[in-house]
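Structure assessment
Single-letter residue listing:
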Amino acid sequence: MKLVETNTDILAAREHQDAPAVRSSPAVRSSRAYDSRRARITLKQWRMLHAVIDCNGFSAAAEYLHVSQSAISYTLAKMQEQLGIALLKVEGRKAHVTEQGRALMEYSREVIRSAIELEVLAEKMRMGWEPELRLMVDHDCPQDFLMAAIRSFTTGAPHVKVSLLEDSGLKVEQAIAHNTVDLAICANVPPGLIADRLLSVQYAMVTCFDHPLAQANVPPSEVELDRHTRIVLNVGGSAKPASAGRKIDASTWHVGSIDTALAALEAGMGYAWLPLKRVERYLRDGRLCLLPTPAHYHSSKHFYIVHARQASPGVGASTLSGLLHSHAAILGEAAGMPSRSIGPG
C-alpha cells in the first residue's frame, strides 16, 4: 500500500476547485483552530527535520529521503524562518537539535503518526473494513474465548475500534432487532435471521454444602425444589431465567449480578443454575457443591453469532466472527462439552 503524504498547501488549493458536499457554518468554523488558522509547516518539512536528527546529519538524511542535501538545508532554513525559532544548531558537519526543536519534534512525530493512521484507515475503508465494530454479548457467554478473540482481532486490525457491551439475552435480542449492533452473541436468535452456531455452555445446579438440598444423594424432585428458594441471575431485566420452564413464585430471587448470586448461595439462601465455568473455582475451593440433576433437565445451552448486515457483512465483522469461531472451538475442545439445550425437557 502506498501512502501519499498530506500537504496542507495542496489541500487548501483543492478546496477552491472542488466544492464539498457538506459545509460547516461560519460560527462552527471560527470556533475550530484548524479552520481559523492555516498551517504554515507541511508534514514533509517535519519529516525532513526528523530525518536530520534520526540520521545524525544532513548527508545521511538526504540519502535516506532520496533528496539532495541542499534541498534539506533550504527546507529546514525556511521552516525555522516560518516558525521564528531555531530548531537545529549546526556545529561543523553535525546538526544538534535545540531544546525548542526537541519539544516540537516529539509533538510532530505524533502528528505524522496520526496522519499516516488516517490514510491507513481510509485505505482500509476502501477495502471494506469498518472503522468501528459494535459487539454485544449475552452475559452468560464465557469470557475467556471472547477476550482472546477480541485481542487477536485488535492486534491484527488496530485501525478498527471495537465496542463491547455485555447484557441479558433479552437485551441482546432487542439490539439485533433494532440494528444497533454489528455482531451479537446470543442464545435465542430473532426470527428471520441466519445465525452460526458458536459454542455450548454447560450449566450446573449448585448450592452450599449446608443447604438441605445438598444432604440428599438423589436428584431433587420438582416438589422438593419448590420448597426452596431459587436464585436466578437476571441481568438487565430479562424475564428468562437460566432454568426456563419452572414456575416463578415468591421463593424466587432475581439478582442482577453473578457476584450477588454467588454470595447468596454461599450464605445458604437457596440453589441456582449457573454456568459451570463461572462456578468452577467455588467448587474446587469447597465453597459450593453440585446438586444431582433431575433426569428431565438438560445441562447446557447453545450460543450463536449473528451478523446485523446479513447480506453483506463488512470485512471487519467477518474477520472478528472467524476469530470468535476459532477461539470458541478451542474452548469447546478443552471443555469437552455436550451440545444440548438448557431447561426442562
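Residues numbered from 1 in each chain as written. Predicted model: local features only at pLDDT ≥ 70, side-chain atom pairs only at ≥ 80, totals over all residues. Heavy atoms only, no water.

1. So, the overall build of the protein chain
Per the secondary structure count, the protein chain includes 13 helices and 12 strands. Here the protein chain holds 345 residues, and 38% of them are scored as buried. For the protein chain, restricting intrachain contacts to residue pairs at least 6 apart in sequence, the fraction spanning at least 24 positions comes to 73%. Entry remark: accessible area of the protein chain is about 19400 Å², with carbon and sulfur atoms responsible for 54%. (Helix = DSSP H or I, 4+ residues; strand = E, 2+ residues; numbered from the N terminus. Buried < 20%, exposed > 50% of the residue type's maximum accessible area, 1.4 Å probe, protein only. Contact = heavy atoms within 4.5 Å. Areas by Shrake-Rupley, 256 points an atom, 1.4 Å probe, with all protein chains shown as cover.)

2. Points about the side chain of lysine 301
Tracing the sequence through the fold places lysine 301 in strand E11 (residues 297-307). Exposure remark for lysine 301: the relative accessible area of 13% places this residue in the buried category. A polar side-chain atom of lysine 301 sits 3.3 Å from a polar atom in the side chain of aspartate 140. (Polar contact = N/O pair within 3.5 Å; in protein donor to acceptor, adjacent residues only side chain to side chain.)

3. Observations concerning the packing of aromatic side chains
Under the counting rule described, the total for this entry stands at one aromatic pair. Ring geometry for tryptophan 129 against phenylalanine 153: centres 6.3 Å apart, planes inclined by 40°, an arrangement best described as tilted. Remark: phenylalanine 153 occurs in helix H8 (residues 144-156) and tryptophan 129 occurs in the loop between helix H7 (99-126) and strand E3 (132-138); sequence separation between them is 24 residues. Summarising the burial analysis for this pair, tryptophan 129 and phenylalanine 153 share the class buried. (Phe/Tyr/Trp six-rings, centres within 6.5 Å; stacked < 30°, edge-to-face > 60°.)

4. With respect to the pattern of salt bridges
Summed over the entire model, instances satisfying the criterion amount to eight salt bridges. In this structure, arginine 113 and glutamate 110 form a salt bridge, with 2.5 Å as the shortest nitrogen-oxygen distance. A residue pair is termed a helical-turn pair when its members lie 3 or 4 positions apart in one helix, as arginine 113 and glutamate 110 do in helix H7 at three residues. On the basis of relative accessible area, arginine 113 is assigned to the partly exposed category, the value being 40%. Of the charged contacts in the structure, one is a salt bridge between arginine 287 and aspartate 285, with a shortest N-O distance of 3.9 Å. By relative accessible area, aspartate 285 is classed as partly exposed at 48%. (Salt bridge = Lys/Arg side-chain N within 4 Å of Asp/Glu carboxyl O.)

5. Examining H8
Look at H8: 19 Å from first C-alpha to last across 13 residues, which is about the 18 Å you get at 1.5 Å a residue. Considered for burial, the residues of H8 that qualify are Phe145, Leu146, Ala149, Ile150 and Phe153. Down the axis of H8, the sector holding all buried residues measures 130°, keeping them to one side. Opposite the buried face of H8, by more than 90 degrees, sit the exposed residues Asp144, Arg151 and Thr155. (Expected span 1.5 Å × (residues − 1). Arc of directions from axis to C-beta.)

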